Protein chains: 2
Amino acid sequence: MDSSFSLKPVRPADQAAVRRSNLALVLRHLRDAGPRSRAAIAADTGLNKGTVSSLVSELVERGLAREGERERAGAVGRPGTIVELDGRGVGGIGVEINVDYLTALALDLTGTVLFEQRVALDVQALPVAKVLDAGAELTARALRECRRLGVVPAGVTVGIPALVDVTSGTVAFAPNLHWTDVPVVRGITERLTRRLGPPSFPIRTANDANLGALGEYAMGSVAGTADLVYLTGEIGVGGGVISGGRLLGGAEGFSGEVGHIQVDPGGRVCGCGRRGCWETLVGLAGMLRLAASPADPVHDPSLDLEQRLDMIRRRAQLKDKRTLDALAQVGTGLGVGAAVLVNVFNPRVVLLGGYFAQLGPYLLGPMMTELEARVIAPRIGGCRVELSWLGFSAAARGGAHVALQAVFDDPALVPVQAERDSG
Amino acid sequence: MDSSFSLKPVRPADQAAVRRSNLALVLRHLRDAGPRSRAAIAADTGLNKGTVSSLVSELVERGLAREGERERAGAVGRPGTIVELDGRGVGGIGVEINVDYLTALALDLTGTVLFEQRVALDVQALPVAKVLDAGAELTARALRECRRLGVVPAGVTVGIPALVDVTSGTVAFAPNLHWTDVPVVRGITERLTRRLGPPSFPIRTANDANLGALGEYAMGSVAGTADLVYLTGEIGVGGGVISGGRLLGGAEGFSGEVGHIQVDPGGRVCGCGRRGCWETLVGLAGMLRLAASPADPVHDPSLDLEQRLDMIRRRAQLKDKRTLDALAQVGTGLGVGAAVLVNVFNPRVVLLGGYFAQLGPYLLGPMMTELEARVIAPRIGGCRVELSWLGFSAAARGGAHVALQAVFDDPALVPVQAERDSG
């Protein structure tokens, strides 16, 4: 699928560029068409056999393909040597910096999770430099684990609940972190360099909910759903939209800012300074405010978020009235805002991530009531509401996925074995 | 561009299908690559020269290509025969059925307008059958004009302010027409057959604002803008979104229902039965209600809409306080709703069509004030607000364009000369 985060395809301006472009062509063909002989690759792609042999050798050296001998039944002569994608030696790393936690996750090309860690962090209370220190330290842990496993990193993608200028690697504005114009890519790169030496792979940053939507589309419970609205409940509310199988980017990559749709002109003041934004009603802070008094431990940002949500869920199971009322109110609010998105996008699925997924069973009823009342298309346009299985890991998974996708655009991102040993 | 209205590409399942697919390939190549010799077409497409010659002959017979002899400078032997696209013999017809008018418009493949007519009609006051009668009569006039000009019709597309099931050709629900489950394609086809015999071309129906967005993207003032939100002010408010160069369709083709975003929970009851929908604030009916007393002639649906809007504009020019206040209020309302769409889509342009374009100079100021206050991205995400030049003809133009695009998917939609003369 198209993605504004993927590297631009190499333009074959010279011999080296042509070779890289053909290397990518063969790698993608192995991914899409499956294991096959060099002769078949040549026939399928139109490249000549000598070129294919040389390209396959390079892919093998880079740990992206492997050979296996296979007897062709009834064939005369030497058995064909089959080439197949080898995803185990390459890793993508996704990092998420959110209001009260950091996550890092590493995937290999086969989708296996190599590393996953979340740490609680009160980001609003810390200076930006300290947050980037903590983010770089967690990323370094993921990279060290990759090295221990003999996996070469293809890239790092840092997801942030923010308006992100993807091209310059800068957070333009993150209302809930209170960040403005933070050069995240430069900050993480400098800090990783101090820890592990200069990185040999690209570092990117992107909006967390857009990465979450890509992660869900690639490997979540409704993977492959071409028209998908992904909503993630964090302190704020993030949105990422897949439309016709592509991430909706927008003219400057600022699409999906759903948290600041005004749903209550007389409502609370939001972190962004406006009044009555959707996330003041249904964000984590809004939900916790409804559900518990200020001194209640569910508000403690030093506790892990899952632990705090477990407290809420337990109270709901015990039919605590304040908790149930709060969740019903949030579910109604979710439906009010989601109805706008369903009217505008007509998605097949609205997928609830973040804390919405954890407390989904208490939110879905009132949410559906509002959707049915407010969506103008019959049967709410054939839309289902589903809960994410990836939970708080979706953005980091999406980030790791984006890092890996870049390998299919430029396999030379992965160094050959000799460079690896000296690096 | 992709469009949910275009015919599916022919699958080369048999010889005849392969030929049609290759015919389309050659026609599109002439459109995209420009005039060239048969030999060049063969080299570019990979088809053999004999096949190309036969396909070109068929395109000439169908009036879709023409030959011109051109001397190649310095070349030895016979001068090359250049083949080029011939768009003058094929027409697409777009029809719009709206609350208080009908429009029909015919374009040829070069984009020249062959026929355009709008008639005032109080659609809400008439039974569906009468409206379809009037729509078919206007369509027949466009078809007769095409016949007079020697232009072969490639198709008719009927735009309606409605949730449209494009596949079955049925209006599921049109709140402002008070239509539910109306088989528009069947109704128009039967009526055209009574007037002109069975049509030899496809008849389609689609949402008017989606067609308007396609028309603007193909031939409007901001043609080619890949991220475009088109808003049309009629009795209701229609929306069509181009994202990454493609029409946003949605899972069932029901996307872009922007008129029913709730902007005022305590507002007026809408034609859809809900309260405080955006179009109650900024639709034509809402604007006229603010601008003039019920007995004022601007409310008279038997007068042409442009004439009624001219009255409003003249009053605004004369600084009539009630008119100016009404337009300022509508401009503010436009900004409130558009801010939601700009936050969600991050378009390069919000294009105002329908009556918004006509009265734009009085709406833009207050609209921009709201956008600047409500959009979270800096500089409203690099978005401009512009006025449509196509005005009330955008949907009909888009419909004609969709009909013509189908020819590039299947040139055999256009009969050969012999069939034409006998038809």
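Residues numbered from 1 in each chain as written. Chains lettered and ligands numbered in written order. Predicted model: local features only at pLDDT ≥ 70, side-chain atom pairs only at ≥ 80, totals over all residues. Heavy atoms only, no water.

Glancing now at the UniProt feature "domain: HTH iclR-type" (unreviewed entry) in chain A. If you check UniProt for "domain: HTH iclR-type" (unreviewed entry), the listed places come out as residues 25-66 of chain A in our numbering. Between the end C-alpha atoms of residues 25-66 of chain A there is a gap of 16 Å, over a span that is 71% helix and 10% strand. (UniProt positions renumbered as here; feature names shortened; annotations may be inferred. Helix = DSSP H or I, 4+ residues; strand = E, 2+ residues; numbered from the N terminus.)

Right, let's get into the relation of the copies chain A and chain B. Once chain A has been moved 0.0 Å along the axis and rotated by 180°, it coincides with chain B to within an RMSD of 0.0 Å. Here the transformation between the copies is reduced to the relation of a two-fold axis. Using C-alpha coordinates, one finds that chain A approaches the rotation axis most closely at Val263(A), a distance of 3.8 Å. In this assembly, 100% of the residues forming the interface of chain A have copies in chain B that are likewise at the interface, indicating an isologous arrangement. (Least-squares fit on C-alpha atoms with pLDDT ≥ 70 in both. Contact = heavy atoms within 4.5 Å.)

All right, on to the interface of chain A and chain B then. Contact with chain A, which involves 41 residues of that partner, is made by 41 residues of chain B. Across the chain A/chain B interface, buried area totals approximately 3,300 Å², and carbon plus sulfur atoms make up 55% of it. Connecting chain A to chain B are four salt bridges. Arg379(A) is the salt-bridge partner of Glu252(B), the closest N and O atoms lying 3.0 Å from each other. Connecting chain A to chain B are 28 residue pairs in polar contact (both at pLDDT 80 or more). (Buried area = accessible area lost by both parts, 1.4 Å probe. Salt bridge = Lys/Arg side-chain N within 4 Å of Asp/Glu carboxyl O. Polar contact = N/O pair within 3.5 Å; in protein donor to acceptor, adjacent residues only side chain to side chain.)

On to the environment of Val330(A). All names here are of chain A. With respect to the element layout, Val-330 can be found in helix H10 (residues 321-345). A residue is classified by how much of its surface remains accessible, and Val-330, at 0% relative accessible area, is buried. Separated by 61 residues in sequence, Val-330 and Gly-391 place their C-alpha atoms 18 Å apart. Sequence-distant contacts of Val-330, defined by excluding residues within four places in its chain, comprise Leu-281, Val-282, Met-287, Leu-290, Tyr-355 and Leu-363. (Buried < 20%, exposed > 50% of the residue type's maximum accessible area, 1.4 Å probe, protein only.)

Residue and element names in this part refer to chain B. Taking 1.5 Å of rise per residue, twelve residues should cover 16 Å, and helix H6 (residues 208-219) covers 16 Å from first to last C-alpha, within 8% of that figure. With ten of its twelve residues buried, H6 lies for the most part within the structure. Those residues of H6 that sit buried are Asp-208, Ala-209, Asn-210, Leu-211, Gly-212, Ala-213, Leu-214, Gly-215, Glu-216 and Tyr-217. Regarding H6, its N-cap is Asn-207, as a side-chain oxygen of that residue lies 2.9 Å from the backbone nitrogen of Ala-209 further along. (Expected span 1.5 Å × (residues − 1).)

Nonpolar side chains tend to gather and get buried jointly when the protein is soluble and globular. Grouped together as the largest cluster of nonpolar side chains are 184 residues, with contacts concentrated most on Trp179(A), Met287(A), Trp179(B) and Met287(B). Setting aside chain neighbours within four positions, we find Trp179(B) in contact with Ile97(B), Val123(B), Val128(B), Val131(B), Leu132(B), Ile160(B), Val171(B), Ala172(B), Phe173(B), Ala174(B) and Val184(B). (Core = buried A, V, L, I, M, F, W, Y, C linked by side-chain atoms within 4.5 Å.)

Below, the discussion takes up the domain arrangement of chain A. All names here are of chain A. The domains assigned to chain A are domain 1 (15-85), domain 2 (90-210 + 396-422) and domain 3 (224-389). On a C-alpha basis, the centres of domain 2 and domain 3 stand 26 Å from each other. The interface is formed by 17 residues belonging to domain 2 together with 25 residues belonging to domain 3. Taken together, both faces of the contact between domain 2 and domain 3 bury some 1,700 Å²; the carbon and sulfur share is 52%. (Domains from an automatic or database assignment.)

Attention now goes to the packing of helix H8 (residues 284-291) of chain A against helix H9 (residues 305-317) of chain A. Residue and element names in this part refer to chain A. Where H8 contacts H9, the axes come no closer than 12 Å and their chain directions differ by 40°. By the criterion of interaxial angle, the relationship of H8 to H9 is oblique. In the crossing of H8 with H9, the sense of the turn from one axis to the other is left-handed. Facing Leu-284, Met-287, Leu-288 and Ala-291 of H8, the residues of H9 in contact are Leu-305, Arg-308, Leu-309 and Ile-312. Residue composition of the contact of H8 with H9, grouped by class: seven nonpolar, no polar and one charged. (Axes fitted to C-alpha atoms, helices over the stretch in contact; angles between N-to-C directions. Parallel < 35°, antiparallel > 145°, perpendicular 65-115°, else oblique. Left-handed = near helix turned anticlockwise from the far one by under 90°. Nonpolar A, V, L, I, M, F, W, Y, C, P; charged D, E, K, R; others polar.)

How two aromatic rings sit relative to each other is given by the distance of their centres and the angle of their planes. In total, this model carries five aromatic pairs over all chains according to the counting rule given. Taken together, a centroid distance of 4.9 Å and an interplanar angle of 45° make the contact between Phe345(A) and Phe345(B) tilted. A residue pair is termed interchain when its members come from two chains, as with Phe345(A) in helix H10 and Phe345(B) in helix H10 (residues 321-345). Between the aromatic rings of Tyr355(B) and Phe356(B), the centroid separation amounts to 4.9 Å while the plane-to-plane angle is 50°, which identifies the pairing as tilted. Overall, the relative accessible area of 0% leaves Tyr355(B) in the buried class. The lysine or arginine in question, Arg31(B), covers the ring of Phe408(B), its NZ or CZ lying 4.4 Å from the ring centre. Against the face of Tyr101(B) rests Arg118(B), its NZ or CZ located 5.9 Å from the ring centre. (Phe/Tyr/Trp six-rings, centres within 6.5 Å; stacked < 30°, edge-to-face > 60°. Lys NZ or Arg CZ within 6 Å of the ring centre and 35° of its normal.)

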